[in-house]
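Examination of the molecular architecture
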Amino acid sequence: MGAPLIQSALHPAGIQAARIEHLWWVMFWVCSVVFVAVVVAMGIAVVRGRGAASSASEATLARSVAIAVGLSIVALLVLLTEGELVGRGVASLREQDPNALRIQITGNQWWWDVQYLNPNPSLIVTTANEIHIPVGRPVGIVLRSNDVIHSLWIPALHGKRDLIPGRVTEIWLQADRAGFYRGQCAEFCGLQHAKMALGVVADLPDDFERWLTQMRSPAPAPTTPSQTRGKDVVERGPCAMCHTVVGTLAGGRTAPDLTHIASRSSIGAGSLPNTRGNLGGWIVDPQHVKPGNHMPAPGLSSEEVQPLLDYLETLK
Amino acid sequence: MRRLMCLLACVAVAAAGCEREARRYTELPAAANRSTAVRLTMLQPGSPQPLSNVQSPYQYNAYGLSEGKRLYAAYNCAGCHGLNGGGAIGPALTDDKWIYGSHADQLFSTISQGRPDGMPSFGGHIPDQQIWQLVAYVQSLAGMVSQDAATSRNDDQAAAKPENRIEDARQIQTGHR
Amino acid sequence: MKLWAHRCVARAALVATTSFLATTSCNKPAPDVRSETPPSARPLSGAMADPSRLAQDDGQWTMPAKNYAATRFTALDEISTGNVKQMGVAWTFSTGVTAGHEGPPLVVGDTMYLVTPWPNILYAFDLTKPGAPIRWQYDPKPLGAAKGVACCDIVNRGAVFANGALFFNTLDGRAISVDAATGKERWVTQLADINRGETITMAPLVVKGKVFVGNSGGEFGVRGWLTALDAGDGSVAWRAYSTGPDKDVLIGPNFTPHYDSDRGKDLGITTWPGEAWRTGGGTVWGWLSYDPEADLLYYGTANPGPWNPDQRPGDNKWTAGMFARSPDTGEARWFYQTSPHDLFDHDGVNELVLADLRMNGGARKVLMRADRNGLLYVIDRSTGEVLSASPFAPVNSNKGVDLKTGRLIAVPEKAPKQGIVVRDICPAAPGAKDWQPMAFSPKTGLLYIPHNNLCMDFEGMAASYIAGTPYVGASVVYKAGPGGNRGFFTAWDPIAAKPRWQIKENFPVWSGALVANDLVFYGTMEGWFKAVDAGTGQLLWQFKCGSGVIGQPMAFKGPDGHEYIAVAAGIGGWPGAIVSADLDPRDATAGNGWGGALGDLKSATTKGGMLYVFTVSGGK
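Treat the numbers as computed from the prediction; the structure is a model and nothing was measured.

A few words now on the overall build of chain A. Of regular secondary structure, chain A possesses seven helices and 12 strands. Expected size for 316 residues packed as a compact globule is a radius of gyration near 20 Å; at 26 Å, chain A overshoots this value by more than 25%. The principal-axis extents of the C-alpha atoms in chain A amount to approximately 95 × 45 × 40 Å. A fraction of 65% describes how many contacts in chain A between residues 6 or more apart in sequence connect residues 24 or more apart.

What follows covers unusual backbone geometry. Residues and elements named next belong to chain C. For the peptide bond that leads from Gly305 to Pro306, omega is -5°, which places it in the cis range. Mapped onto the fold, Pro306 is located in the loop between strand S16 (296-300) and strand S17 (321-325). Across the junction of Lys317 and Trp318, the peptide omega takes the value 0°, indicating a cis bond. Its location among the elements puts Trp318 in the loop between S16 and S17. Phi is positive for Asn120, close to 55°, though the residue is something other than glycine. Structurally, the position occupied by Asn120 is in the loop between strand S4 (111-115) and strand S5 (122-126).

Counting from both sides, the interface comprises eight residues of chain B and, opposite them, nine residues of chain A. Split by residue class, the side of chain B that touches chain A holds four nonpolar, three polar and one charged.

Below, the discussion takes up the pairing of strand S19 (residues 353-359) of chain C. If a strand is regular, its side chains alternate between the two faces of the sheet. Residues and elements named next belong to chain C. When S19 meets strand S20 (residues 362-370), the two strands line up antiparallel, connected through seven bridges. Residue pairing across strands places Val353 opposite Met368, the latter belonging to S20. A loop of two residues connects S19 with S20, the two strands running antiparallel in sequence, and Asn360 in this loop sits at a positive phi of about 50°.

The subject of this paragraph is the confidence of the model for chain B. Looking at chain B as a whole, its pLDDT mean stands at 87, while 94% of the residues score no less than 70. The complex model carries a pTM of 0.90, and its ipTM stands at 0.90.

Time to look at the environment of C:Leu446. All names here are of chain C. Relative to the helices and strands, Leu446 resides in strand S27 (residues 446-452). You can call Leu446 buried: it has 25 C-beta atoms within 10 Å. Counting along the chain gives 48 residues from Leu446 to Pro494, while the straight-line C-alpha distance between them is 6.8 Å. Look past the residues within four positions of Leu446 in its chain and what remains in contact with it is Ser441, Ala491, Trp492, Asp493 and Arg500.

On to the environment of C:Phe323, then. For C:Phe323, the location among the structural elements is in strand S17. For the pair C:Phe323 and C:Pro257, spaced 66 residues apart in sequence, the C-alpha separation works out to 9.4 Å.

Attention shifts here to the interface of chain C and chain B. In this assembly, 32 residues from chain C lie in contact with 26 residues from chain B. The biggest single contributor to the side of chain C that touches chain B is helix H6 (residues 590-597) of chain C, with five residues. Grouping the amino acids of the side of chain C that touches chain B by side-chain chemistry returns 14 nonpolar, 11 polar and seven charged.

Reading the values: the criteria
Residues numbered from 1 in each chain as written. Chains lettered and ligands numbered in written order. Predicted model: local features only at pLDDT ≥ 70, side-chain atom pairs only at ≥ 80, totals over all residues. Helix = DSSP H or I, 4+ residues; strand = E, 2+ residues; numbered from the N terminus. Rg over C-alpha atoms; globule rule 2.2 N^0.38 Å. Contact = placed C-beta atoms within 7 Å. Nonpolar A, V, L, I, M, F, W, Y, C, P; charged D, E, K, R; others polar. Pairing = 2+ DSSP bridges. pLDDT = per-residue confidence, 0-100. Buried ≥ 20, exposed ≤ 12 C-beta atoms within 10 Å, placed from the backbone.

In structure tokens:
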């Protein structure tokens, strides 16, 4: 993922975000004009001083107030109309597109559980902390939470939507340009709220389909003795208590699915780039990188960590 | 050649005999020759030594107790001992009956070692720190930790009183000492 | 012969101690047991070789369900509506086991057999002597660790007799055969792995020289199977899984299910997300029936795992349904799913009673099933077509079956969801009726159904699969259904599809039923063992046993020519674990939900296993 990371509402990559950006600029200019006008008026008032005001006739005063109120109403109407138009535009994607991709994202402290839904259950894909979406195709994301209130914000694609325990919310978005966009939890959700990022990779449709097909495959069988030993560490060690690696005995659901961990660009929900060194450091002492996260130091020996890394690197 | 082999065999047999006949009077360093036991029984030979008063480091710690509660569900303890400790496949934890003891070190060894009548051995599968958190939470299920540190209302279906409001288990008609 | 036996025992013991998951067989081919002398001194007819013909002899009781059609009916009539009031205890036997006694005694010739719950000791009693002393006993020494993966008490639902041998299963996953005359071990085959959460609690069935055994562990993420073993040497003939690819499920070209939804390639994979079918349940812990004429074996598959349905979108084939298979090859003939994408732990393992009924203007060969989902199914047993499905208990979680598609009509507002409590779902997870087998009287044409009246609150929760630990993901609390009584005993007319009479019981009726000519017997969890008039339901006799009755009553003719009724008392099983495992009902989810419904059971009965044998002849 050499692409520059985009986390800005002013660099929209999709139709929703473009509308929101448009509204942002309208707000910016209207508010700027109002601000400048108010400051100028205030300045004039200060310069002219008290004497002039008292000499103004009742009629002049009434006209001035009327102009000010009129301008305010106009500014307000412009903003309301723009707001309504943008709101409608943003909502228009929700109209069920049969071609739409459906994803379910469940918030956890402090990571994102991701499922690509499908009417054929055997085609459902589970992953975590990084989603791929096809360019030019609407994506409906169902949002849930397993613990506290979180909020999903991918500024380059859309506004925020809250994830609320016991309720189901939804957000529709679409990327119009390929790229890597950073999403972030936008509702304070505990100690590591800041390190709860969601990577969004907008792929060209063919790349996306290739990626999704790859995600549907179980973990490959280990090919070297070291990898075999690594798989053994996953299954017999503490990993399997919380993580899932499809194709092995590991079926935990309290932590991110690791079946394709090597294909993700970061670890710890955007805490560190996914390199062998970072991953090793994370496994040995996760509390150093992201204090308070739910992964304990598993107490693995170096004879276990190296084969484990060899194995995890095969999980593409 | 054959003679040499014969000789070697004899030496080997003699060496094995050395091992058999060795009298090691100080196998362990003197200081390491008497360990303290995690006792599962009051009964001891001779005059009894006091049971250890080891406590979970999380006994008075709200965060550790709430982590224990989270792990109790995450590691499927709840599946056997009941979501709120009332028991199912495994015995109830909310009452004041303890098969293998209610002391922190007894509970630690029960979780870590497992027990032959069905309790799985979690040692090596989960870190010791988490076992101590579970120990404190299990004690809280029986009202054995201070109420201000114990976890409270469930996020899920409220099918029992919260751990910080549990009645003294001894209110049910059981003998006690 | 003796040497052979020794080698066999030694080898089996070795296998048992190493928990080696493989099949064993003795080096020598097994002796032809048919040529051996029968275990009893009393001569039997030539029917000895054929368990189905032996089962027709009402003096004997060779399999828990009495016969292959699973009717639990005997025509013995010495004990009648007129004299049952004089019925009293002939003799008793304490098993010394305090878990739930769900198994029935068997009687072959002059010997009674009883297998206890864990530790699964098999006893043989000499009926020719006063007090029926123990003739022999066999202790298989099952692992204590197995108790940690037995979802619903450490029960055993009985042994079966065939061809001079007894066959039964142990909680730690072994199928065992012993010589009926001597109690000598014939073979032991390790089938289930407790480290994967597998146990065995069911009573096997023997058909055409094969022993059929299924696993338990639907609450532990196991993959369900039915295994056929050679009755002679215990070697595995075939195994049919309940999930996964067609080749594992033994689905081939002769598989012709009646409904479209069951047709297609590898539905055991494509109706599951990812590889969830590997931990998807569909165990076979219930009852098997056999139709010799069609040469088909019928049995049900249990709930899909985990309970939390959000973790397994799809129809979850081939769980919560019933299979018809060839006993020789295991090849599936048809399948019908009673609860597609089961939402409520509604296992489809209840007994299948075979009968020929006059329905829809013609004689139909049917099987009848009172399902957990509250519907009494009458199904054409040659095709798997549902002829009728009618609620026999309060139901609000489904609206019956669409007879065109065969599909259960769901009620969306009662569907459990993860993180949300759905209230007042009827029937509850143990269903309108659980494993407790009903009886069928060809005389009255009625089914006698011991069952539950329960509703529940259900919240789905994320469940981690950790091998050897529970895989459930649900917070459930049961409560009494409409009316406040938690159990029913119902006489049901399967043709009219309505009850003839019904008895309300305070607790769920967790014992099996028995029809002895004009009398129907069943037990209650308080410990009453009752005889009622088969035609009217009038209570004619009752006896208070020492502990709650959840066993299967049976009838036999003793060597003295008199009729006896026998039942094992001993509270336990899934609901009775409140007492037998001393659960704390202050937690309403105790016992996976029973804490809410049976808080008062502890003051109604205490634990303790005891076999009771009743007679009107004064006994010995």
